[in-house]
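Structural features, examined
Okay, here's what each chain looks like letter by letter:
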Amino acid sequence: MDKNYIAPAAALKKLKTARSLPQTVYLYGATGYGKTELVRQYLSNRKYTYLSCEELPWEDGVLPAEEPGRQNHRVVVIDDLHRLKSEKLRREILALEEREDIWLILISRSPLPTWLMPQHIKNVFVVISEKDLQMGRNEIAAYLEARGITYTEEDIQYLQDTAQGNAYILHHVALRMKEGQSPGPELRREIQGAFASYLENVVLVRWDSDLLEFLMQVSVVDEFTLELAEMISGNLHVTALLEQAAEAGNFLTLEDGVYRLRPQLIQALRTRALKVYGRERFKDFQYNAALYYEMRDEVVPALKLFEECGKTERIKNLLVRNARMNPGNGHYYELRRYYFNMDEQEIADSPVLMAGMSMLYSMLMDGEKSEYWYEKLKTYTAGARGGIRREAQSHLSYLDIGLPHRGSRDVLAVMKSIPALLLDKGNSLPEFSVTSNLPSTMNGGKDFCHWSPDDTVLAKTVGPLVERVLGRYGKGLVKAALGESLYEKGEDSYKVMTLLTRAQMETEHGGTMEIAFAAVGIRIRLALFQGDIQAARELLVSFESSVRENRAVQLLPNMQALCCRLALYEGDLDTVEQWLKTAPDEMEFCSLERYRYLTKVRCYLAKGEYLKAQALLEKVRYYAEQTNRTYVRMETGLLSAVTKERAGGPWQEELTAVLREAGGYRFLRLISEEGAAVWTLLQKAKRELLTDEALNQEWLGRLLNETEEMSRRYPLYLKKRTAAVSDFGDTALSILRLQADGLSVNQIAERLHMKPFTVSYHIKENYRKLNVSRKADALLAARSFGLI
């Protein structure tokens with residue numbers, strides 16, 4: 001390790017605490033995090049015994065004999081503990097840990113092994129984790145300065161992202177910077193390659209052969225389950241090997257049954273596997289993984305692996321299988337490259353692929369090419385006979401109902417023709433998506449806002465036809481749609497709840513989880529509107545369990561977005577930041593991601609990133625205009641008005657346009673649910689709105705009351721960021737923290753040796769800076785800004 005290594009403050013603090021008690025230290029982290037160097041630096045002026053499990057067997061008498069009554073503790077450091085297999089030596093180390101004359105420091109690459117756990121529970125070790133060992137901004141800056149390297153703030157940020165606190169990687173980057181190379185993608189690739197080479201030639205060669213062989217085989221995938229690992233390797237002892245891997249180093253994580261290896265290790269394992277097995281054998285492992293994904297209908301990874309291992313004949317079969325799925329369950333967008341690479345005649349020979357291409361282009365908002373493939377399918381249908389003609393006709397009817405770019409104006413007429421065209425002849429529609437996996441039927445696969453004014457009549461007259469045409473995909477649909485329409489207009493909550501609950505129950509008898517999600521989604525909104533966010537969370541958690549049990553994993557991304565929206569109401573920016581890491585990238589717009597895009601817009605607003613919010617809103621607005629999505633257009637306009645008001649731009653005209661359109665449908669909740677975010681705008685525009693003849697004043701009055709109530713219930717929702725740590729002095733922050741501990745004004749005054757009047761003054765100033773008026777809201781805001 002480099003002599004200029006700067007010990008991380010968090011790790012040093014723990015070492016000092018352990019020394020003062022004294023407590024046994026267990027220190028672990030992956031290769032390159034400076035574990036041994038940290039201990040050497042800390043003990044540089046002390047005598048200590050150093051032993052490495054890489055250098056077994058140890059000489060007799062190397063472990064110090066017990067010295068009863070000794071005043072100063074003898075320091076013993078045992079390194080590379082992950083390599084220790086000897087039961088005898090393990091027992092000796094456990095005995096050593098019990099001795100009062102010894103301060104023991106254990107260093108390993110893996111978290112606490114099972115054989116040490118009982119001792120840890122009994123005596124409580126001080127654990128220094130890899131996170132503690134990561135070099136942060138201050139350590140990186142000090143390290144570069146010690147080596148005489150000039151840097152910018154951008155360089156520091158880049159090194160934090162690239163090195164991820166790893167001292168070994170930072171050392172190599174610093175060497176290149178010393179030579180005049182600037183941090184950037186080229187240097188990053190070079191360093192990652194060098195680190196992977198180090199792992200391959202220094203670390204991997206020390207592993208047991210059976211573990212190394214297993215990990216080389218499963219490295220063909222980025223993540224795996226037990227079943228997938230068994231399928232790839234053909235090994236029946238996967239569980240034991242994974243336990244062995246966990247104790248070999250801190251390179252394997254497990255979450256929700258999915259194992260993941262570190263990216264640099266995967267690179268090293270793949271390089272070594274190609275050397276050991278050769279290209280063809282390596283492809284066999286890829287093929288095994290592809291077959292596993294194919295059996296589980298996980299088309300995207302299956303196609304990628306079939307392509308990599310050269311099994312091109314299986315690609316078309318998978319593309320046809322995917323095209324038989326509806327856009328909500330299929331992977332049209334992710335697989336567009338494969339579809340676009342197909343020969344046109346090959347597509348024209350298959351009604352399924354022609355329908356798939358028409359749907360794909362419609363999703364990409366290319367109506368002209370979508371209609372091209374629709375007409376191709378129509379011509380094909382006219383010339384077909386028998387079962388092929390019936391299949392082609394069913395796909396035509398499916399497209400007539402489902403093509404996004406056509407909107408929903410003619411859907412009812414199409415549905416009325418389907419019984420005679422298909423159902424009476426014993427045919428049925430292909431797999432259908434009513435909601436596109438959104439928690440809505442009115443704003444799901446199609447926009448049905450124009451049905452809302454006559455919702456009750458349509459439910460009675462057209463409802464049975466819709467359910468018959470859609471079959472199992474329509475079970476519960478009518479009640480869910482009617483419940484949602486009534487909720488949007490603020491009608492009787494009991495009636496709404498009854499409809500939604502019954503819709504969900506109908507889906508449980510041969511229906512689909514996506515309709516159930518639409519019903520549950522509105523129930524969650526209702527609970528939130530009524531001020532019971534805990535009930536809303538419990539509903540979502542309960543439904544997620546059902547979704548996972550039924551393997552309806554296509555719903556999970558939008559469910560996680562809904563969870564993020566609940567966090568926004570509570571001002572929980574930590575959860576928001578976590579969700580943003582998984583949010584879709586808007587650089588290449590995908591219409592199926594609209595719910596998550598609009599969630600992302602709200603996150604941007606909560607973080608004060610108004611330019612990002614507006615840029616994304618303009619993309620969603622374009623989509624709404626191209627596909628005649630009324631609800632999305634109104635929602636986009638409302639959020640755009642909020643964004644512009646915060647950024648200091650003109651917003652009144654846009655807000656008025658949204659209110660007039662929403663008022664025409666008598667929609668309330670679309671607006672009032674935005675509570676604190678839109679209440680400021682409504683207050684500013686109130687005088688003009690109350691005299692606007694285009695607005696129903698009774699509807700407006702109710703809207704204002706509902707929005708004000710929502711802003712009171714959730715004052716931190718999309719709260720405009722007005723506070724930072726730099727805005728508060730030490731005294732102000734101390735008072736906030738003591739308030740959080742439950743102390744009164746007099747108690748705080750006594751604790752800080754101040755007058756109560758002075759404390760009250762600071763409290764009022766804190767409230768002003770936080771833009772709140774109550775203690776509870778101040779503490780919530782302070783937590784959301786990271787002040788306490």
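Refer to the structure printed above.
The structure presented is a predicted model; accordingly, all values stated were derived computationally and were not measured.

A tally of regular secondary structure across the protein chain gives 41 helices and eight strands. Across its three principal directions, the C-alpha atoms of the protein chain cover 95 × 80 × 55 Å. Among the 788 residues that make up the protein chain, the fraction classed as buried is 54%. The contacts in the protein chain between residues at least 6 apart in sequence include a share of 70% that link residues at least 24 apart. Side chains of the protein chain give 103 positive and 107 negative charges; the mean places of these two sets differ by 2 Å.

The strand order across the open sheet formed by five strands is 2-3-4-1-5, and the pairing between neighbours is parallel. Every other strand in the sheet has two partners, leaving strand 2 (48-52) and strand 5 (126-128) as the edge strands with one partner each. Shown here is a sheet whose adjacent strand axes are inclined to one another by a mean of 15°, direction ignored. Sheet topology places strand 2 next to strand 3 (residues 74-79); five bridges connect them, and they run parallel. Counterpart to Ser-52 in the pairing with strand 3 is Asp-79. Taken strand by strand, helix 2 (residues 35-42) contacts strand 1 (25-28), strand 2, strand 3 and strand 4 (102-108), and its axis lies near 155° from that of strand 4. Where helix 3 (residues 87-98) meets the sheet, it contacts strand 3 and strand 4, and its direction lies at approximately 135° from that of strand 4.

Attention shifts here to the pattern of salt bridges. Evaluation of the coordinates by the stated rule reveals 51 salt bridges. For Asp-101, the salt bridge goes to Arg-99, with nearest N and O atoms at 2.9 Å. The same class applies to Asp-101 as to Arg-99, namely buried. Residue Lys-607 is joined to Glu-609 by a salt bridge in which the shortest nitrogen-to-oxygen separation is 3.5 Å. Among the residues examined, Lys-607 registers a relative accessible area of 24% and is labelled partly exposed. It is possible to trace a salt-bridge network through shared partners that takes in Glu-294, Asp-297, Arg-314 and Arg-321.

Mapped onto the elements, Thr-636 comes out in helix 33 (residues 630-647). Exposure remark for Thr-636: the relative accessible area of 0% places this residue in the buried category. What Thr-636 contacts, discounting residues up to four positions off in sequence, is Leu-598, Leu-617, Val-620 and Arg-621.

Spatial ordering of the open sheet is given by 6-8-7, a layout of three strands whose pairing is antiparallel. Each of the sheet's edge strands pairs with one partner strand only, and the pair in question is strand 6 (223-224) and strand 7 (252-255).

Right, let's talk about the environment of Glu-708 for a bit. Checked against the element boundaries, Glu-708 lands in helix 37 (residues 697-713). The partly exposed category is assigned to Glu-708, whose relative accessible area is 29%. For Glu-708 and Ile-522, which are 186 residues apart along the polypeptide, the C-alpha to C-alpha distance reads 21 Å.

Another aspect to go through is the state of the cysteines. Summed over the entire model, instances satisfying the criterion amount to zero disulfides. Here Cys-590 stays unpaired: no disulfide links it, and the sulfur of Cys-603, its closest cysteine neighbor, is 18 Å away.

Its place among the elements puts Ser-640 in helix 33. Among the polar contacts made by the side chain of Ser-640, one reaches the side chain of Glu-654 at a distance of 3.0 Å. Beyond its immediate chain neighbours, meaning those up to four positions away, Ser-640 contacts Gln-614, Leu-617, Arg-621 and Glu-654.

Let's shift gears to the pairing of strand 7. Of the pairings in the sheet, the one linking strand 7 to strand 8 (residues 258-261) comprises four bridges and is antiparallel in character. Bridge pairing in strand 8 links Leu-254 to Tyr-259. From the end of strand 7 to the start of strand 8, which pair antiparallel, there are two residues, and Asp-256 there has a positive phi angle of about 55°.

As a further point, take unusual backbone geometry. Residue Leu-21 is joined to Pro-22 through a cis peptide bond whose omega torsion reads -20°. In this chain, Leu-56 is followed by Pro-57 through a cis amide linkage whose omega measures 0°. In this fold, Pro-57 is placed in the loop between strand 2 and strand 3. Phi angles above zero are rare outside glycine, and Val-124 is one such case at about 60°. Tracing the backbone shows Val-124 in the loop between helix 4 (117-123) and strand 5.

Contact geometry for helix 27 (residues 513-529) and helix 29 (residues 556-569): axes closest at 12 Å, N-to-C directions at 5°. By the angle between their directions, the pair helix 27 and helix 29 is classed as roughly parallel. For the pair formed by helix 27 and helix 29, the contact residues are Phe-517, Ile-524 and Leu-528 on the first element and Asn-558, Met-559, Leu-562, Leu-566 and Tyr-569 on the second. Here the contact of helix 27 with helix 29 is composed, by residue class, of seven nonpolar, one polar and no charged.

In this section: the packing of aromatic side chains. In the structure shown here, the tally under the stated rule is 21 aromatic pairs. Judged by centre distance (5.4 Å) and plane angle (25°), the ring pair of Phe-340 and Tyr-361 falls under stacked. Here Phe-340 is found in helix 17 (residues 336-340), whereas its partner Tyr-361 is found in helix 19 (residues 351-363), with 21 residues between them in sequence. Where Phe-448 meets Trp-451, the ring centres are 4.7 Å apart and the plane angle is 55°; that geometry is what we call tilted. Members of the aromatic cluster, each reached through a chain of ring pairs, are Tyr-168, Phe-195 and Tyr-198. We note Arg-472 situated over the ring of Tyr-473; from NZ or CZ to the ring centre the distance is 5.2 Å. Of note, Arg-669 hangs over the ring of Phe-529, and the distance from its end group to the ring centre comes to 3.8 Å.

As a further point, take helix 37. Here helix 37 contains 17 residues, and its C-alpha end-to-end distance of 24 Å stays within 8% of the 24 Å for a straight helix at 1.5 Å per residue. Here helix 37 has its buried residues at Trp-699, Leu-700, Leu-703, Leu-704, Glu-706, Thr-707, Met-710 and Ser-711. Lining the buried residues of helix 37 we find helix 27, helix 29, helix 34 (652-665), helix 35 (669-672) and helix 36 (675-690). In this structure Asn-696 caps helix 37, since a side-chain oxygen of it lies 3.0 Å from the backbone nitrogen of Glu-698.

Between its terminal C-alpha atoms helix 8 (residues 167-178) stretches 16 Å, which fits the 16 Å expected from 12 residues at 1.5 Å a residue. Among the residues of helix 8, those classed as buried are Ala-167, Ile-169, Leu-170, Val-173, Ala-174 and Met-177. Across the axial projection of helix 8, the buried residues extend over an arc of 150°, all falling on one side. The inward-facing, buried residues of helix 8 abut helix 6 (137-146), helix 7 (153-163), helix 9 (185-203) and helix 13 (263-277).

Definitions and cut-offs
- Residues numbered from 1 in each chain as written.
- Predicted model: local features only at pLDDT ≥ 70, side-chain atom pairs only at ≥ 80, totals over all residues.
- Heavy atoms only, no water.
- Helix = DSSP H or I, 4+ residues; strand = E, 2+ residues; numbered from the N terminus.
- Buried < 20%, exposed > 50% of the residue type's maximum accessible area, 1.4 Å probe, protein only.
- Contact = heavy atoms within 4.5 Å.
- Lys, Arg positive; Asp, Glu negative; His and termini not counted.
- Charge placed at Lys NZ, Arg CZ, Asp CG, Glu CD.
- Pairing = 2+ DSSP bridges.
- Axes fitted to C-alpha atoms, helices over the stretch in contact; angles between N-to-C directions.
- Salt bridge = Lys/Arg side-chain N within 4 Å of Asp/Glu carboxyl O.
- Disulfide = S-S within 2.5 Å.
- Polar contact = N/O pair within 3.5 Å; in protein donor to acceptor, adjacent residues only side chain to side chain.
- Parallel < 35°, antiparallel > 145°, perpendicular 65-115°, else oblique.
- Nonpolar A, V, L, I, M, F, W, Y, C, P; charged D, E, K, R; others polar.
- Phe/Tyr/Trp six-rings, centres within 6.5 Å; stacked < 30°, edge-to-face > 60°.
- Lys NZ or Arg CZ within 6 Å of the ring centre and 35° of its normal.
- Expected span 1.5 Å × (residues − 1).
- Arc of directions from axis to C-beta.

Shape descriptors only; they carry no functional weight alone.
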